[in-house]
Amino acid sequence: MSKSNSDFSVVGKRIPKLDAAQKAMGRAEYIQDIKLPGMLYGRILYSKYAHANIVKIDTSKAVALSGVHAVLTGEDVPEKMKMGFIKDNPPIKKGKVCSFRDEVAAVAAISPEIAKKALDLIEIEYEEQIGIFDPEKAMEKDSPLVHGHLKSNVLKMPWDIHYGDVEKAEKESAFVVEDRFTTQWVTHCCLGTSGAIALFDANDNLTIHTNTQIPSLAQKDFLESLKAMGLENKRVRVIKPIIGGGFGSKLDTYAYEHIAILLAHKCRKPVKIAFDRVEEFKATSTRQPTIIYIKQGCDKNGKLTFRDMRMVLDNGAHTSWGATTPSVMLMPISSLYRVENVKYVAKCVYTNNTYSQAMRGYGNPQATFAIESSMDMLAEKAGIDRIEIRRINRNQSGDETPQGLKITTCGLEECIDAVEKELKFDGKNEKGVGTGIASLIHVGGGARIYGSDGCGAILKMDDYGKVDVFTGGTDMGQGLDNIIAQIVAEELGLLAEDINVVHSDTDICPWDVGAHASRSTFVAGNAALGAAKKVKQKIQKFASKLFDVPAEKIEFKDKLVFVPGDQEKSMPLGKLLRKAHFSPGGTMLMAEYFYDPDNQNMGKELKGNMSMTYSFGAHGAKVKVDEETGKVEVLEYVAAHDVGRAINPLLLEGQVYGGVVMGLGYALTEEVTVKDGEIMNANFRDYKLFTAKDAVKIKAPIIETDDKDGPFGAKGIGEPGCVPTAPAIANAIYDAVGVRIKDLPITPEKVLVALKKKND
Amino acid sequence: MKAFKYLSPKTVEEAIAFHGQHSETSKFIGGGTDVIVKLKEGWMEPDFLISLKKIEEMSELHKNEATQELSIGAMVTHATLEKSLMIQNDYPIIYDAVSNIGSLQVRNVGTIGGNLINAVPSADGAIPLIALDGVALLHGPDGERSCDVKDIFVAPYKTILKPGEILKKIAIPPQASNTGSAYIKFGRRAAMELPLIGIGVLLTLDETKEICIKARICLGVAAPVPMRAFGAEKLLVGKKINEEILIEAGKIAADESKVRDSVRGKAWHRKEMIRVHVRRIGLKCLEIIKNNS
Ligand SMILES: Cc1cc2nc3c(=O)[nH]c(=O)nc-3n(C[C@H](O)[C@H](O)[C@H](O)COP(=O)(O)OP(=O)(O)OC[C@H]3O[C@@H](n4cnc5c(N)ncnc54)[C@H](O)[C@@H]3O)c2cc1C
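These lines cover the structure that appears in this document, whether it is placed above or below. (Residues numbered from 1 in each chain as written. Chains lettered and ligands numbered in written order. Predicted model: local features only at pLDDT ≥ 70, side-chain atom pairs only at ≥ 80, totals over all residues. Heavy atoms only, no water.)

### Considerations on the site of the ligand
Residues and elements named next belong to chain B.
Then, number 1: Residues in close proximity to the ligand total 34 residues, the closest being F28, G30, G31, T33 and T111.
Then, number 2: F28 is positioned with one of its backbone polar atoms (N or O) 2.5 Å from an oxygen atom of the ligand.
Then, number 3: Protein chains shield 90% of the accessible area of the ligand, which is 970 Å² for the free molecule.
Then, number 4: The residue makeup of the shell around the ligand, split by class, is 15 nonpolar, 13 polar and six charged. (Near = heavy atom within 4 Å. Polar contact = N/O pair within 3.5 Å; in protein donor to acceptor, adjacent residues only side chain to side chain. Areas by Shrake-Rupley, 256 points an atom, 1.4 Å probe, with all protein chains shown as cover. Nonpolar A, V, L, I, M, F, W, Y, C, P; charged D, E, K, R; others polar.)

### Here's the deal with the packing of helix 14 (residues 520-547) of chain A against helix 15 (residues 573-582) of chain A
All names here are of chain A.
Then, number 1: Two elements in contact, helix 14 and helix 15, have axes whose closest approach is 11 Å; the angle formed by their N-to-C orientations is 85°. For the element pair helix 14 / helix 15, the angle class is roughly perpendicular. Touching I539, F542, A543 and L546 of helix 14 are L573, L576, K579 and A580, all from helix 15. (Axes fitted to C-alpha atoms, helices over the stretch in contact; angles between N-to-C directions. Helix = DSSP H or I, 4+ residues; strand = E, 2+ residues; numbered from the N terminus. Parallel < 35°, antiparallel > 145°, perpendicular 65-115°, else oblique. Contact = heavy atoms within 4.5 Å.)

### A short note on the sheet that holds strand 6 (residues 123-128) of chain A
Residue and element names in this part refer to chain A.
Then, number 1: The three strands lie next to each other as 4-2-6, forming an open sheet whose pairing is antiparallel. In this open sheet, the two edge strands, each paired with only one partner strand, are strand 4 (96-97) and strand 6.
Then, number 2: Taken together, the two bridges between strand 2 (residues 52-58) and strand 4 define a ladder with antiparallel strand orientation. Looking at strand 4, one finds that A52 is bridged to V97. (Pairing = 2+ DSSP bridges.)

### Considering the interface of chain B and chain A
Then, number 1: Taken together, the 23 residues of chain B in the interface contact 23 residues of chain A.
Then, number 2: The contact between chain B and chain A buries some 2,000 Å² in all, and 52% of this surface belongs to carbon and sulfur atoms.
Then, number 3: It is R188, R189 and V263 of chain B that lose the most area in chain B upon contact with chain A, and together they represent 33% of the buried surface on that side.
Then, number 4: Along the contact surface separating chain B from chain A lie seven salt bridges.
Then, number 5: For the salt bridge of K756 of chain A with E272 of chain B, the shortest nitrogen-to-oxygen distance reads 3.1 Å.
Then, number 6: Scanning the region where chain B abuts chain A turns up 14 residue pairs in polar contact (both at pLDDT 80 or more). (Buried area = accessible area lost by both parts, 1.4 Å probe. Salt bridge = Lys/Arg side-chain N within 4 Å of Asp/Glu carboxyl O.)

### Focus on helix 18 (residues 748-759) of chain A
Quick reminder: α-helices carry 3.6 residues per turn. Residues three or four places apart thus point the same way.
Then, number 1: In this model, helix 18 of chain A (12 residues) spans 16 Å end to end at C-alpha, consistent with the 16 Å of a helix rising 1.5 Å per residue.
Then, number 2: Every buried residue of helix 18 of chain A is accounted for by P748, E749, V751, L752, A754 and L755 of chain A.
Then, number 3: Contact partners of the buried residues in helix 18 of chain A: strand 24 (614-625), strand 25 (632-642) and helix 17 (725-737) of chain A together with helix 11 (267-292) of chain B. (Expected span 1.5 Å × (residues − 1). Buried < 20%, exposed > 50% of the residue type's maximum accessible area, 1.4 Å probe, protein only.)

Remember, this is a structural readout, not a statement about activity or role.
In structure tokens:
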């Protein structure tokens, strides 16, 4: 039987972030705050062109500058040192640059100022080449090549999928809609900018302090770099400082990290590279931009018959996780609503633009923008109410989708109900005001992308009833530490503040695949829970001797270990631990646990149940469109999510609010403006991130479906907040003034152009 | 950022004298919200920063009851203006402009004088002061002089101020009765936003409250320097003011503007926004006049 929140004493409670005071008081140490003895400052020189041959580099003046310890160019980078999952990106380029973001040299000096000066002294002669910036043009046969040694700009990726029979289903459909949607480059805008400090010990073992969401995978990348440098069988220790936001930006390693390693090795001193905001905009990756063609149909009752989608993805000049976002886009394409016949083809195309990475939602916001806009168009064409068509096609518990996703619990219907309850969808709005709805599906129980989707936890109890949990998981501001503390505290009858979560050091913490795919609460949570259960059993065993009762009779609550109904048989946990420790043949209470969910890799056919469970949601927006200026004002916003169970509703709402505001920026204002490969708005003045004053009031109804596999029933909820935001807004704008904007962001200019066109 | 010496003179004369000693390598600083950014980005590298903060008379804001002239010290911050009931009630156009500059933090230190002398086309503070026929009082090595606020600007980042010259204060002449004024910054965001276009309108009606006897239509980001739309103003003077004529004025003002395409916005849209907002702000002025009587 499923438990209700009143059965818990710590889980389900609105416990503020345990590190809030430390951060608010400025005591948290970010990479910018860390200074090691003898540390040098590294800086990177970037290309002046989107596409050019490097004819000559003269570093002599930089080398001669007093205070400079090392100057590196592409010539100094070992041939095999390359980044990205297809290893097409050396940390410093040699002979040729393919984007403005390409690194051409780096220096280490005794101060950031001298490092900067040294960069100014490096003389480079370029020979400019024709750049290619439009991915659809780059696909044409006679297009110039971004990488001359390849035959085509189109990457070899497996995204060509067909479930069921789309052609047949299309013929049998009563209504079909078709359109083209496009989404822009946006970027994570972490308030803490990127940075790393690398240092080698006397035996050439590396320690690197770096902002990463993937300590274990980064360790692997760095080991590969060491190997390329001829340093075999060395150790790499990754230490994570406190991170000021991740959002996917730290799921791959970056050139600056590998360059810091090269510089540190050359100088035999710690080298720090820390980005300023401009560099953060220019040299970190964006969300994957897309060109989306979608066609879908339904029968005369509104039941979806097929969905056919084709995408062109601008890969930029090098390859990172952006090129794999189709693996996640496939999820909403195949499985948002019940649809049996699905086709999806995506082409990733090299251009001389910046390259993309993981970003909250990992492709899902892009795909959902097209799907949910198209759902409204289909509803209109079929003459069916927008909410009704979603109800008709909603996913349900027990479904298995064409992709092979097994929907264990599904609260989509309740989410739609919650949105409808909060917003009026009766069409009786004043002029210029309208409502819109859009739904989402996302992985909520891990995501098996690698061979392992696991996370380890080590749990150690001290003599006083306090606990240290060493987790593989990564807290980057989202509050995983709290969640783990609450889960462990619940299990052991303690308070959240009794639990110290350590997550910062690969020398200490076990392996984890990374803080991605909304998986940390589910996977790291289950790992910590597993360790807590093991330790609990050990304590029970010890107490069973002490109290002379069977182990299963022993319970934990309010820091006591006791036998219910027997007042004699009760002892503070700390005292019991001391007894265990200081008796003859004493024991320390520790446990380790590795949780690897029973989810599946997608095979060659791109099928498989990649997550143990799926999160669902529905967002509703009420907007007002100023028909003279084109400006859109969001009046109300409702974001309802099926979260399994809210381990901490306060943090959960924070995730939803943050996600929605990120999504609203995506929908309305944010765009990395790129002109011939060059970023034109590398600052917060011109990159229109929402401010506190722009943020709207958000209602976030929480639907709890108590998932059988989640820790205390929880599913992941890190990403969903920004997934269906843009289509909810686009649908509301259409409802308000009858224009459909298919190109993000929905700027006043675009709305005004569309209105003029409509009124002409 | 290059190291510099920070000087805090207590009088205007002292500040001018400091500047005289190191005229090539010193820079005045008000609130520093523009200067510090430029220092950090390496656009300027002075050896001396001469702060005007300790010069008391430059931070004074007051209205002469006898002459009804308003005097705004150049060092008066946006926040001081924003919080002043007198500004809120009698000079809504100033309130509209300064209360939407940057963020609270920026308004707490940024000054009206710095806003003018920084001389960007998007300076929010410039538009209301031009609309109110503000007069700038300058003090330099050669003594004092004055000029209309609208004549301060030469080009982006360039003013008529001579080396060592300080903007001491801005004088706003008494306002006629039946005057209404308002400003709007049209941008994408609600805060931390430079205007895509800034529109300020001031209208004075005769005793009948029908006929316009004075009109100011001032535009920011519509040209390299803040500008007045003289043609649109001329159309309104002597006429009965209603929505139709404001629509006409909006069209003329849009045509007079020299808006450009930029990364931030398209010229056609800026024009369109001038057209729309001259009417909207004009109507707001009429509303203000009506409510004040
Ligand atoms: C985050 C941020 C947001 C902003 N938002 C806006 C906005 O929305 N709208 C807007 O218009 N501006 C904005 N600004 C720009 C700036 O804040 C304003 O222009 C402000 O009014 C400048 O005043 P200050 O006192 O800080 O000037 P300072 O930086 O001290 O000086 C600016 C210039 O004027 C000179 N100067 C200053 N005072 C005098 C004087 N009395 N006599 C002679 N020369 C002088 C200085 O030498 C310097 O060249 C923003 C700035 C920041 C950093």
